[in-house]
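# Overview (structure and organization)
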Amino acid sequence: MKKWFILGLVVCFLFVSLAGCGSNDANTNDKGTAGTNNGDDVKKDEPLKISMTLMGGPKTENSWMEEEIEKRLNVELDLIMLPGWDDVKTKTNLLMSDPDEIPDVLWWSGMEKEFQQWIDAGLIVDMMPYLKEHGNNILSYYSPETLFYSYQDGKLYRLPGDVAEPSCMTTMIRKDWLDNLGLEVPETLDEYIEVLRAFTHNDPDGNGQNDTYGFSGAAREWRSFAPFLYPFKAQPHQFVVTEDGTVRHGSVLPEMKEALKVLQDAFKEDLIDPTMLTSNDFEELMVNGVFGSAYRWVAYFNPSNTTMTSFKQNNPDGEYIYIEPIKGPDGFAADEPEDLGGWCFVSVTSAAEDPEAVVKVLDEMASPEFFKFRKWGIEGEHYEVVDGVLNTLVSAEESTSLGLNLLEWFFNRKDEANIENSPEVLELFNKRAETSQPLRDVRVRFKEQVRPMWAEYGADIESLRDEIFYGIIAGDYSIDEFDKYVEKFYQMGGQEVEDEANEFYQAQQAELEEFMKVYESDLKR
């Protein structure tokens with residue numbers, strides 16, 4: 001009935017938590033209407049045959065979930081499970097280069113150059129006309145900003161399979177340590193540093209030992225330093241639009257020097273865990289309770305989060321709370337904005353005999369009800385939600401055997417349908433979407449992934465930046481070394497990089513204006 005190609009162990013991606021709930025009547029409104037020819041309904045004994053490549057999810061052959069999806073959508077699936085990350089691009093290229101093996105629906109990631117080649121070869125279908133008629137679930141979920149990054153020459157050759165929440169991170173602080181030391185929740189950078197100083201030197205855990213740090217985070221990751229950087233609007237890892245409308249690399253702007261001086265002083269006082277400049281296991285550090293504040297994932301505040309659960313086991317009296325972004329000298333505050341374009345994509349290929357019917361099936365898969373069902377199964381049988389908290393009723397082994405979460409990274413929803421997020425966490429995600437907007441307004445996310453000047457000079461620039469900036473923070477270099485970095489930046493191709501960035505940005509803005517007209521007339525739901 002179906003053939004599976006099980007080619008390797010899937011490696012789980014970061015970041016971001018995925019969840020949902022199911023129901024007995026998931027997507028029953030359109031049951032039996034997906035298997036169509038030229039969009040017309042046919043009998044249920046004539047299912048639409050669809051071959052699909054899958055990267056995430058279980059690998060259980062002929063699972064209960066696979067059979068339920070086939071029954072509910074009136075389809076016959078031929079699932080081609082892609083191998084692990086080391087081999088996925090090779091396998092995808094092999095499939096797309098063999099006319100007999102090209103799948104009807106292609107999941108892919110990090111293959112922009114190959115994607116353009118597939119388009120040029122006529123192997124990818126424009127989904128725009130079909131989405132206009134059958135894309136209500138997809139188009140009502142994805143924002144116009146997200147869809148823009150998949151828009152190309154008036155067409156939609158791809159759709160994002162997974163897009164992070166607009167902002168996924170927040171400033172976290174130990175409430176129990178604040179209470180122990182009689183401190184208030186900090187709001188400004190000066191207040192924050194005072195709290196970190198107390199966390200470091202005033203024995204906040206009361207064990208009589210000098211064994212705590214005020215702040216820690218993932219090693220050598222610039223966004224982990226957000227509470228020190230963003231109060232100054234400093235973004236060393238991004239291109240930004242400056243006040244005069246030109247695009248500059250954030251590492252060369254004056255506000256970066258201000259932030260580096262604050263970080264250098266804090267590091268000199270031992271307020272910052274030194275492993276942030278070398279290497280560390282942040283999760284282990286957090287579980288062990290050795291620091292009082294960090295900039296990390298909103299999802300940590302879900303009741304089922306394993307890191308936070310382990311932290312509570314090791315620190316029974318410990319309590320983390322999230323606080324608003326730290327305000328800088330002029331009152332500016334912001335959180336880290338996430339990439340709205342997505343990191344993986346779904347395309348319909350020329351192998352699909354009826355691409356309109358395939359797009360209709362994909363849209364049904366993207367509905368809130370069907371997402372809940374394919375992610376979690378049936379409520380009351382496979383899971384329950386008690387006081388806003390998701391409880392699974394099957395073991396991990398049973399979940400794999402049933403095939404729950406079979407279509408992972410196919411239109412993963414991050415709204416109310418993702419019930420892995422408690423109501424509190426969902427509200428926090430929404431708040432962080434708002435508090436990240438000030439940086440999103442000035443940060444440039446390039447639609448064009450192939451930028452020759454950046455490809456030529458970018459790696460060397462980033463290497464020099466990290467050497468100098470981390471050296472400044474550690475005290476190995478004086479703050480004046482920043483000015484020398486700026487000179488070297490332009491000597492090693494920085495001007496060409498910024499000229500290219502401005503050229504791409506201006507073209508992108510013109511294309512965005514064009515797209516918004518298309519969106520308003522044809523795609524808006």
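Conventions and cut-offs
Residues numbered from 1 in each chain as written. Predicted model: local features only at pLDDT ≥ 70, side-chain atom pairs only at ≥ 80, totals over all residues. Heavy atoms only, no water. Salt bridge = Lys/Arg side-chain N within 4 Å of Asp/Glu carboxyl O. Buried < 20%, exposed > 50% of the residue type's maximum accessible area, 1.4 Å probe, protein only. Helix = DSSP H or I, 4+ residues; strand = E, 2+ residues; numbered from the N terminus. Axes fitted to C-alpha atoms, helices over the stretch in contact; angles between N-to-C directions. Parallel < 35°, antiparallel > 145°, perpendicular 65-115°, else oblique. Contact = heavy atoms within 4.5 Å. Nonpolar A, V, L, I, M, F, W, Y, C, P; charged D, E, K, R; others polar. Phe/Tyr/Trp six-rings, centres within 6.5 Å; stacked < 30°, edge-to-face > 60°. Left-handed = near helix turned anticlockwise from the far one by under 90°. pLDDT = per-residue confidence, 0-100.

In this structure the tally under the stated criterion is 25 salt bridges. Between arginine 413 and aspartate 415 there is a salt bridge; the shortest N-O distance is 2.7 Å. Considered together, arginine 413 and aspartate 415 belong to a single accessibility category, that of buried residues. The residue glutamate 427 makes a salt bridge to lysine 431 at a minimum N-O spacing of 4.0 Å. Of this pair, glutamate 427 and lysine 431 both sit in helix 16 (residues 423–435), 4 residues apart, roughly one helical turn.

At their nearest, the axes of helix 10 (residues 254–268) and helix 18 (residues 452–474) sit 7 Å apart, and the two run at 45° to each other. In terms of axis orientation, helix 10 runs oblique to helix 18. From helix 10, Met256, Leu260, Leu263, Gln264 and Phe267 reach across to helix 18, where they touch Phe469, Ile472, Ile473 and Ala474. Here the contact of helix 10 with helix 18 is composed, by residue class, of 8 nonpolar, 1 polar and no charged.

This paragraph deals with the packing of aromatic side chains. Tallied over the full model, the rule gives 33 aromatic pairs. Pairing tryptophan 343 with tryptophan 409 gives two aromatic rings, centres 5.0 Å apart and planes at 85°, and the pair type is edge-to-face. Here tryptophan 343 is found in the loop between strand 12 (320–323) and strand 13 (344–348), whereas its partner tryptophan 409 is found in the loop between helix 15 (396–402) and helix 16, with 66 residues between them in sequence. With relative accessibility at 3%, the residue tryptophan 409 sits in the buried group. Relative to phenylalanine 489, the ring of tyrosine 485 lies with its centre 6.2 Å away and its plane at 55°, an arrangement referred to as tilted. A residue pair is termed a helical-turn pair when its members lie 3 or 4 positions apart in one helix, as tyrosine 485 and phenylalanine 489 do in helix 19 (residues 481–523) at 4 residues. Residues tyrosine 485 and phenylalanine 489 agree in their burial class; the two are buried.

Here the focus is the packing of helix 18 against helix 19. The packing of two helices is summarised by the inter-axis angle and the distance between the axes. It is the contact of helix 18 with helix 19, at a shortest axis distance of 9 Å, that shows an interaxial angle of 150°. As judged from the angle between their axes, helix 18 and helix 19 are roughly antiparallel. As helix 18 packs across helix 19, the resulting crossing turns out to be left-handed. Along the contact surface, helix 18 presents Pro452, Met453, Trp454, Tyr457, Asp460, Ile461, Leu464, Arg465, Ile468, Phe469 and Ile472, while helix 19 presents Glu481, Phe482, Tyr485, Lys488, Phe489, Met492, Gly493, Gly494, Glu496, Val497, Glu500 and Phe504. Of the residues that constitute the contact of helix 18 with helix 19, the class distribution is 15 nonpolar, 2 polar and 6 charged.

Unlike most non-glycine residues, lysine 233 shows phi in positive territory, near 65°. Turning to its location among the elements, lysine 233 is positioned in the loop between helix 9 (226–229) and strand 9 (239–241). Residues other than glycine seldom take positive phi values, yet phenylalanine 411 does so here, at roughly 55°. In this structure, phenylalanine 411 sits in the loop between helix 15 and helix 16.

The predicted model of the protein averages 92 in pLDDT, with 91% of residues at 70 or higher. Note on residues 35–43: pLDDT under 50 across the span, and 19 contacts to partners over four residues away in sequence or across chains.

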